[in-house]
Amino acid sequence: MNILFLTPYITDFSAYDLWLRPLGLMQVAAAVKSRTNCRVFWINPLDRYAGSGSHSGSDDGCGHFHRTVIAKPECFKPVPRHYARYGWPLDVFESRLQTLPPMDLICMTTLMTYWVDGAVFTLEAVRRHSPRAVTAVGGILPTLMPAASRREIRADHHIFGAGENQLLDLIQRIGGRELFKTRPSPIRLEEFLSPADPAYPLLTSRGCPMRCSYCASRLLNPEFSQRPVNEIVTEICTASRLRRHFVFFDDALLIDKEKRFIPVARAVSGMNLRLHTPNGLHVREINAATAQALHEAGTRTLRLSLETTASDIHDRGGGKADTDTMRRAVDHLLEAGFYPANLETYVLWGLPGQSIASVHATLDFVENLRIIPRLADYSPVPGTPDCRRLQSSGRLGRSPDPRRTNKLYHLLQTSGYSDDDIKTVRARCRDIVFRVRNCHSH
Ligand code: B12
Ligand code: SF4
């Protein structure tokens, strides 16, 4: 049986490859390879190290995607920005498809709910190549918005949640028991990354024990589960033969740190690796030992999850970080040897009920700490309490169009902020970044 694992193009107003690797699809594809004798094929038009051959950007695995401006869907007409498809030029994608035999099963992932146009476009293109294939779609869209997934994407199966076992069941139903190996071979994620890609995505746990009102972690992974330290260290050692940059995709990397993160960090320090935590770290977990472990293991990108200093927003979530906790964490990190310009913190804005004055108050605090603020535009994530608030206030429909969960669309059209508010916050943030970088340039 021929199975194609497919990552869709992105469709959005902007997109940047901040170590965007389709880890969920890699895991599902690796499980199928390990357990069956199916022939596994892989196409990822977001892989800047394959296909287009143009990997502009830094040598840590981040950079700009190839961009093609396309027509805006109806609901985005009021947004005064170009809308684009991000990923390989189409001729590269088509010629890659032509090298493949006809498929029996096409398995596509989805990465953000609002990238639905990219998913529809990509699956239709592949369907033209293999019109008789069974099609399955999994990942964020069918998990968070099952009805919209069925409405928008023409696929035979819309798979909810963790995909490994569900897909193996589907393969058995289509192809029979004889496709399965008597003894599974080892799981290897490596082969789904281009050899030239310097970055390796790493997951040491799934889920998060907290319940912030804007986050879908619980819906995606109802239980918090952790991998054993020796398994994680072995994975890093194997991958480090080819790559130096390790990017943590965990929701809650530092929770239970003594059991997992700290021993892993100690085991890999001295290996000359570069670690990155683009998902914000829990500030409450950063004590002297964590800060030292992060520094000694070679952490290069360190993003903290402050989000906001507004206590009313923390109260409806889980109280991730108050200002004292944040100050203490920054002190520990500076003592461990990080420079202020290495330390970044997310400032979330656009939340339902969050005033622009409260965003400025958070920026005041970050400015005082003299670290780098990173604005995170709020995206309403279906199924979360904050998204329900937007729905009951009438600003988002009962069964919303997934496009309307787009973070820029929300910021410009439904957040309630004026254009001036938005410009002022963005300019202020740029100014703080400039000053932190120029006061402490290392
Ligand atoms: C790592 C991560 C990032 C990374 C990398 C992004 C990436 N690779 O997608 C970074 C830091 C860059 C990032 C950024 C953002 N992210 Co993010 N991110 C995540 C995170 C924590 C993990 C995703 C992941 O890879 N998980 C690991 C894999 C193993 O799990 P999985 O993908 O779910 O795969 C499993 C199943 O879904 C299924 N499956 C997956 N594909 C398929 C396919 C088939 C065929 C089958 C059968 C099954 C299947 O099986 C897999 C294995 O069990 C999720 C939260 C989460 N816990 O999922 C948020 C999440 C996806 N991000 C989210 C958001 C909001 C953002 C930002 C918009 C934040 C912001 N405001 O700036 C940005 C936008 C990024 C952009 N480029 O525009 C939201 C989604 C919002 C939405 N509306 O869709 C999430 C859900 C977090 C949240 N707040 O609730 N993110
Ligand atoms: S701490 Fe982070 S991952 Fe956990 S629920 Fe809150 S936002 Fe989500």
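Computed from a predicted model, the values in this text were never measured in an experiment.

Moving on, we come to the nonpolar core. If you look at the biggest cluster of nonpolar residues, it comprises 87 residues, and the most contacted ones within it are Phe5, Leu167, Ile171, Leu304, Met326 and Leu333. Ranked by the residues each element gives to this core, the list is headed by helix α1 (residues 23-35), at seven residues. Looking at which domains feed residues into this core, each of domain 1 (2-179) and domain 2 (199-378 + 415-439) gives three or more. Listed in part, the 28 residues of the second largest apolar core include Leu4, Met103, Ala133 and Val381.

Quick look at the site of ligand 2 now. Close to ligand 2 lie Cys208, Met210, Cys212, Tyr214, Cys215, Asp251, His282 and Lys320. Of the residues that constitute the shell around ligand 2, the class distribution is five nonpolar, one polar and two charged.

A few words now on the sheet that holds strand β2 (residues 10-12). The sheet built from three strands is open, its strands ordered β2-β5-β4 with antiparallel pairing. Strands at the two margins of the open sheet, each flanked by one partner only, are β2 and β4 (67-70). Here the average twist between neighbouring strands, direction ignored, is 25°. Examined bridge by bridge, β2 and strand β5 (residues 83-86) share three bridges and lie antiparallel to one another. By the bridge assignment for β5, isoleucine 10 is matched with tyrosine 86.

What follows is about the domain arrangement of the protein. In terms of domains, the protein is made up of domain 1 (2-179) and domain 2 (199-378 + 415-439). Using C-alpha coordinates to define each centre, domain 1 is positioned 28 Å away from domain 2. Contacts between domain 1 and domain 2 engage 15 residues on the former and 15 residues on the latter. Carbon and sulfur atoms supply 71% of the area that domain 1 and domain 2 bury against each other, a total of about 1200 Å² over both sides. Run the count over domain 1 and domain 2 and you get one salt bridge. We note a salt bridge from arginine 206 to glutamate 164, for which the minimum N-O separation is 3.4 Å.

Moving on: the site of ligand 1. Close to ligand 1 lie 38 residues; Thr109, Thr113, Ala216, Asp251 and Asp377 are nearest. Within the backbone of arginine 21, a nitrogen or oxygen atom sits 3.2 Å from a nitrogen atom of ligand 1. With respect to ligand 1, the side chain of glutamate 164 contributes an N or O atom lying 2.9 Å from an oxygen atom. Mapped onto the shell around ligand 1, the elements with two or more residues apiece are α1, β6 (105-108), β13 (274-281) and β16 (372-377). With four residues, α1 is the single largest residue contributor to the shell around ligand 1. Two domains each provide a minimum of three residues to the shell around ligand 1, namely domain 1 (2-179) and domain 2 (199-378 + 415-439).

Take the packing of aromatic side chains next. The description of two aromatic rings rests on the distance between their centres and on the angle between their planes. The tally for this structure, following the rule as stated, stands at eleven aromatic pairs. Pairing phenylalanine 13 with phenylalanine 76 gives two aromatic rings, centres 4.9 Å apart and planes at 65°, and the pair type is edge-to-face. Taken together, the residues phenylalanine 13 in the loop between β2 and α1 and phenylalanine 76 in the loop between β4 and β5 connect sequence positions 63 residues apart. Taken individually, phenylalanine 13 and phenylalanine 76 each receive the classification buried, so the pair is uniform in this respect. These aromatic residues form a ring-pair network of at least three members: Phe13, Phe76, Tyr83 and Tyr409. Seen from the ring of phenylalanine 121, arginine 85 lies directly overhead, with NZ or CZ sitting 4.2 Å from the centre.

Right, let's get into the side chain of asparagine 2. With respect to the helices and strands, the residue asparagine 2 is situated in strand β1 (residues 2-6). A polar contact is formed between the side chain of asparagine 2 and the backbone oxygen of proline 102, at a distance of 3.1 Å. Once residues lying within four places of it in the same chain are set aside, the contact partners of asparagine 2 are Arg39, Phe41, Pro101, Pro102, Met103, Asp104 and Leu105.

Turning to the packing of helix α8 (residues 229-239) against helix α9 (residues 261-268), a few remarks are in order. Relative orientation of the contacting elements α8 and α9 amounts to 35°, with a least axis distance of 10 Å. Handedness of the α8/α9 crossing: right-handed. Between α8, through Val229, Ile232, Val233 and Ile236, and α9, the contact on the second element is made entirely by Pro263, Val264, Ala267 and Val268. Classifying every residue of the contact of α8 with α9 gives eight nonpolar, no polar and no charged.

The rules we used
Residues numbered from 1 in each chain as written. Chains lettered and ligands numbered in written order. Predicted model: local features only at pLDDT ≥ 70, side-chain atom pairs only at ≥ 80, totals over all residues. Heavy atoms only, no water. Core = buried A, V, L, I, M, F, W, Y, C linked by side-chain atoms within 4.5 Å. Buried < 20%, exposed > 50% of the residue type's maximum accessible area, 1.4 Å probe, protein only. Helix = DSSP H or I, 4+ residues; strand = E, 2+ residues; numbered from the N terminus. Domains from an automatic or database assignment. Near = heavy atom within 4 Å. Nonpolar A, V, L, I, M, F, W, Y, C, P; charged D, E, K, R; others polar. Pairing = 2+ DSSP bridges. Axes fitted to C-alpha atoms, helices over the stretch in contact; angles between N-to-C directions. Contact = heavy atoms within 4.5 Å. Buried area = accessible area lost by both parts, 1.4 Å probe. Salt bridge = Lys/Arg side-chain N within 4 Å of Asp/Glu carboxyl O. Polar contact = N/O pair within 3.5 Å; in protein donor to acceptor, adjacent residues only side chain to side chain. Phe/Tyr/Trp six-rings, centres within 6.5 Å; stacked < 30°, edge-to-face > 60°. Lys NZ or Arg CZ within 6 Å of the ring centre and 35° of its normal. Left-handed = near helix turned anticlockwise from the far one by under 90°.

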